[in-house]
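Each chain, letter by letter, is given below.
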Number of protein chains: 2
Amino acid sequence: MEKIVVSKKILRVDDKGIHELDDPVIREVPLTIFLNGKELVTLLHTPERSEELAVGFLRSEGLIRRFADIRSLRFDQEQGIVFVETKGNELAEKLYGKRTITSGCGKGTVFYHALDALKSNPVKSEMTIPARQILALMRQLQERAELYQQTGGIHSSALGSKEGLLYVCEDIGRHNAVDKLIGHCLKEEIDLNEKVLLTSGRVSSEILIKTAKLSIPVLVSRSAPTELSIELAINLGITLIGFARGRRFNIYANQQRIQIN
Amino acid sequence: MEKIVVSKKILRVDDKGIHELDDPVIREVPLTIFLNGKELVTLLHTPERSEELAVGFLRSEGLIRRFADIRSLRFDQEQGIVFVETKGNELAEKLYGKRTITSGCGKGTVFYHALDALKSNPVKSEMTIPARQILALMRQLQERAELYQQTGGIHSSALGSKEGLLYVCEDIGRHNAVDKLIGHCLKEEIDLNEKVLLTSGRVSSEILIKTAKLSIPVLVSRSAPTELSIELAINLGITLIGFARGRRFNIYANQQRIQIN
C-alpha cells in the first residue's frame, strides 16, 4: 500500500509568532489510465483504491456499462498506470470524442448527450427512508471520513441504505471520491435501486448525472447544490438533499422518498 | 447580465418538522469555447465574467500566452458560446493534444509537459509581505465573497498586493474562479511579479501550476494544500500558505517572502 498521508515540517504563524511543527498532508499522485492499449487520461488522485477509481471513471464517462465489460484490469503501482482492456472496444472508441470539462471538480463527459439519454430514463425506485436515517448516515460518514479529520484536505463519499453506511471512499477530488465508490459498486455488483449516495462536496450537474447514470434514487450532500443540479434531479427522478448538517437538511427535489418522523 | 443566483422553493427538515422556504441557489450554466472555428470544450460555470473565464482557460491550458495573442473574442450569451480567434493557431492546435484530468476541480492540462517547462523557470520575485497583511487580505476576500454568503455553494479567488485586495472572482468551480482572475489579469496586462493570489479552495497541483505559469510569487489558501503542490511550490519558487483563517496560517514553502511582525 502506498502512503496516503505524509507528515511535513511546516511553519505555523499565529498570535504567538512563528514556530515549526509537523503537520499531516494528503498525497496527490498521478494515475494514468490506458484503455485498450491507448493512453486515455491522467487523473490526479489520493493513492488508494486506484483500480476502483479507474473502473468508476470509465463508467462515469460511459466507456463501460458494467464490470463484465472489462476483459482485463492491471494496476502497475510503481508506474502509476491502470491498464484496462474491454471486451468490445468500438463503444469506448466512439464515445471518447466530444468532451465537457466541468465546473468544479473534475472530468469531462459528453454532457449534452448524457442529458438526452438520461431524460428518457428517470430513476423509478419506490424506496423511502426516514429523515432521521439521512442524518444518521451523514453523521456516520463524518465519523468515518478519517483523512479529512487528519488533513482537512479531502472529500468523502459513501453508499448507504436504511440499514446504515455500506462503503466509504476518500479522495482529494470530489469527483474521484464518487468515482471510487462507483467502481466499487460495479465490481461488487451492488444493487443500487434502494441505496443512498452521500457526498461531502457540492452537487454540481456532473455529480447529479453520475448518480442518475447508476439509478441511485437518493443523493445527499453536506454542501450546496447548483440550480442546474436541482432541475436535473427533478427531471431525472432523484431525491436531492443538501446542507445535511447536524440535525437538519434541505430537500430540493422528489421529497416523496423522505419520511418525516 | 444573466442572473447568477436564483430563489428556489425548498423544504427544510429540522427539529420542528418540515416547512417550505425560499432559498438562494447558485446557477450553473454551460459555456462552450470555440477556438479558431473549432469546438474546444464546454465548461460549466457561474454565468459571470464568462469572457474572462474563456481567456483564463486558454492561458491555463497553454493555448495563448498573452491577451495580444487573441485576434478576436466574441461572447454569444444567448447560445452560451465564446468564439476566440488567435493570431497564430499552430501553437494552439499542437498543444491541445494530450490531456490530464485533475484530481479535483477541474480541467485538463498537459501535466507532465507543463511541469518540465516550469521547473526550468522558477518564480524569482523578491517581494516581501507582512504576515498581518496576508490575514487582512484573506479577511477582505471573505467579506467580499458575496455569493458564498448568500448560497454557501461557491468558490472565490482574488488578486491582492501589499496595498490590499485588487480583484475578486467567484464561481461554482475552484478552477474557474482562478481562471476568471487570470483572464482579467491578462486583459488588463497586470504585472503579477509582486502580487498575491488568494483562493478559498484547496491547493492541488493544478492550482499551483496555474500560479507558477503566471509567475505569481505568493499563493494563499483558506484550505489545505496537497503534498504534490507543496513539492512543486518549493521547486518553483512559490510561497505557499494554507489554512489562512482568523488570526493564523501555515507556511508550506518559501517563507522568505513573509515578514513576521
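Calculation notes
- Residues numbered from 1 in each chain as written.
- Chains lettered and ligands numbered in written order.
- Predicted model: local features only at pLDDT ≥ 70, side-chain atom pairs only at ≥ 80, totals over all residues.
- Heavy atoms only, no water.
- Helix = DSSP H or I, 4+ residues; strand = E, 2+ residues; numbered from the N terminus.
- Buried < 20%, exposed > 50% of the residue type's maximum accessible area, 1.4 Å probe, protein only.
- Contact = heavy atoms within 4.5 Å.
- Areas by Shrake-Rupley, 256 points an atom, 1.4 Å probe, with all protein chains shown as cover.
- pLDDT = per-residue confidence, 0-100.
- Axes fitted to C-alpha atoms, helices over the stretch in contact; angles between N-to-C directions.
- Parallel < 35°, antiparallel > 145°, perpendicular 65-115°, else oblique.
- Left-handed = near helix turned anticlockwise from the far one by under 90°.
- Nonpolar A, V, L, I, M, F, W, Y, C, P; charged D, E, K, R; others polar.
- Phe/Tyr/Trp six-rings, centres within 6.5 Å; stacked < 30°, edge-to-face > 60°.
- Pairing = 2+ DSSP bridges.
- Right-handed = clockwise from strand over helix to strand, strands pointing away.
- Salt bridge = Lys/Arg side-chain N within 4 Å of Asp/Glu carboxyl O.
- Domains from an automatic or database assignment.
- Lys, Arg positive; Asp, Glu negative; His and termini not counted.
- Polar contact = N/O pair within 3.5 Å; in protein donor to acceptor, adjacent residues only side chain to side chain.
- Expected span 1.5 Å × (residues − 1).

Points about the overall build of chain A
Thinking step 1. Of the regular secondary structure elements, chain A holds 8 helices and 15 strands.
Thinking step 2. When burial is assessed residue by residue, chain A has 66% of its 261 residues classed as buried.
Thinking step 3. Restricting to contacts in chain A with at least 6 residues of sequence separation, those with at least 24 account for 52%.
Thinking step 4. Only carbon and sulfur atoms are counted for the fraction: they give 45% of the accessible area of chain A, which is about 10400 Å².

Points about the confidence of the model for chain A
Residue and element names in this part refer to chain A.
Thinking step 1. When pLDDT is averaged along chain A, the result is 88; 88% of the residues meet or exceed 70.
Thinking step 2. Per-element averaging of pLDDT across chain A places strand β7 (residues 100-101) at the bottom with 44 and strand β12 (residues 218-221) at the top with 98.
Thinking step 3. Note on residues 97-110: pLDDT under 50 across the span, and 76 contacts to partners over four residues away in sequence or across chains.
Thinking step 4. Model confidence for the complex is summarised by a pTM of 0.88, with the ipTM given as 0.85.

Digging into the packing of helix α7 (residues 205-213) of chain B against helix α8 (residues 227-236) of chain B
All names here are of chain B.
Thinking step 1. Running from N to C, α7 and α8 cross one another at 20°; their axes reach a closest spacing of 8 Å. For the element pair α7 / α8, the angle class is roughly parallel. As for how α7 packs across α8, the hand of that crossing is right-handed. Along the contact surface, α7 presents Ser205, Leu208, Ile209 and Ala212, while α8 presents Leu228, Ser229, Leu232, Ala233 and Leu236.
Thinking step 2. Class assignment of the residues belonging to the contact of α7 with α8 gives a composition of 7 nonpolar, 2 polar and no charged.

A few points about the packing of aromatic side chains
Residue and element names in this part refer to chain A.
Thinking step 1. The tally for this structure, following the rule as stated, stands at 2 aromatic pairs over all chains.
Thinking step 2. Ring centres of Phe34 and Phe83 lie 5.4 Å apart, and the angle between their planes is 35°; on these two criteria the pair is classed as tilted. Placement of Phe34 in strand β3 (residues 29-35) and of Phe83 in strand β6 (residues 81-86) is noted, with a sequence separation of 49 residues between them.
Thinking step 3. You can call Phe83 partly exposed: its relative accessible area is 23%.

Observations regarding the pairing of β6 of chain A
All names here are of chain A.
Thinking step 1. Sheet analysis places β3 next to β6, joined by 4 bridges and oriented parallel. Within β6, the position partnered with Thr32 by the bridge is Ile81.
Thinking step 2. In textbook terms, the turn of a hairpin is the stretch between consecutive antiparallel strands, and for strand β5 (residues 70-76) and β6 this stretch comprises 4 residues, one of which, Gly80, has a positive phi near 70°.

Concerning the pairing of strand β12 (residues 218-221) of chain B
Residues and elements named next belong to chain B.
Thinking step 1. Across the two faces of β12 the burial is the same, with Val218 and Val220 and Leu219 and Ser221 all buried.
Thinking step 2. Pairing of strand β11 (residues 196-199) with β12, which is carried by 4 bridges, proceeds in the parallel orientation. Paired with Leu198 across the bridge in β12 is Val220.
Thinking step 3. Read as a crossover between parallel neighbours, the route from β11 over α7 to β12 is right-handed.
Thinking step 4. Here 3 bridges tie β12 to strand β13 (residues 239-245), and the two strands are oriented parallel to one another. Of the residues in β13, the one forming a bridge with Val220 is Ile241.
Thinking step 5. Chirality of the crossover, the property in question, places the unit of β12, α8 and β13 among those that are right-handed.

Thoughts on the pattern of salt bridges
Thinking step 1. According to the stated counting rule, one finds 14 salt bridges over all chains in the structure shown.
Thinking step 2. With its nearest N and O atoms 2.9 Å apart, the salt bridge here joins Asp15 of chain B to Arg247 of chain A. Of this pair, Asp15 of chain B sits in the loop between β1 (5-14) and β2 (17-26) while Arg247 of chain A sits in the loop between β13 (239-245) and β14 (248-253), each in a different chain. Here the two residues Asp15 of chain B and Arg247 of chain A agree in accessibility, since each one is exposed.
Thinking step 3. The residue Lys180 of chain B makes a salt bridge to Asp171 of chain B at a minimum N-O spacing of 2.8 Å. We note that Lys180 of chain B, like Asp171 of chain B, is buried.

Side note on helix α8 (residues 227-236) of chain A
Thinking step 1. The element α8 of chain A is extensively covered by neighbouring structure, given that 7 of its 10 residues are classed as buried.
Thinking step 2. Of the residues one or two after α8 of chain A, Gly237 of chain A is the one with positive phi, at around 75°.

Considerations on the sheet that holds β1 of chain B
Thinking step 1. Taken together, the 8 strands give an open sheet; going across it, the order is β10(A)-β9(A)-β11(A)-β12(A)-β13(A)-β14(A)-β1(B)-β2(B), and neighbouring strands pair in mixed fashion. This sheet does not close on itself; its edge strands, each paired only once, are β10 (164-171) of chain A together with β2 of chain B. Between one strand and the next, the sheet's axes are offset by a mean angle of 25°, whatever the strand orientation.
Thinking step 2. Of the strands in this sheet, β13 and β14 of chain A together with β1 and β2 of chain B touch α8 of chain A, which is tilted by about 65° from β14 of chain A.

Some points on the domain arrangement of chain A
Residue and element names in this part refer to chain A.
Thinking step 1. Each assigned domain of chain A is listed with its residue range as follows: domain 1 (29-115) and domain 2 (129-259).
Thinking step 2. Across the boundary between the two partners, domain 1 contributes 30 residues, which contact 28 residues of domain 2.
Thinking step 3. For the pair domain 1 and domain 2, the number of links is 0 salt bridges.
Thinking step 4. Among the elements of the structure, β4 (38-45), α1 (50-60) and α3 (111-119) are those that each provide at least two residues to the side of domain 1 that touches domain 2.
Thinking step 5. Broken down by element, the side of domain 1 that touches domain 2 gets its largest block of residues, 8 residues, from α1.

A closer look at the side chain of Lys195 of chain B
Residues and elements named next belong to chain B.
Thinking step 1. Looking at the secondary structure, you find Lys195 in the loop between α6 (174-187) and β11.
Thinking step 2. Of the side chains bearing the opposite charge, Asp191 lies closest to the buried Lys195, which forms no salt bridge; the N-O distance is 5.8 Å.
Thinking step 3. Polar side-chain contacts of Lys195 include one of 2.9 Å to the backbone oxygen of Asp191.
Thinking step 4. With residues near it in sequence (within four places) discarded, Lys195 still touches Met127, Leu159, Gly160, Ser161, Leu166, Ile190, Ile216, Pro217 and Val218.

Details of helix α4 (residues 131-144) of chain B
Thinking step 1. Look at α4 of chain B: 20 Å from first C-alpha to last across 14 residues, which is about the 20 Å you get at 1.5 Å a residue.
Thinking step 2. Regarding α4 of chain B, the residues found buried are Ala131, Gln133, Ile134, Leu135, Ala136, Leu137, Met138 and Leu141 of chain B.

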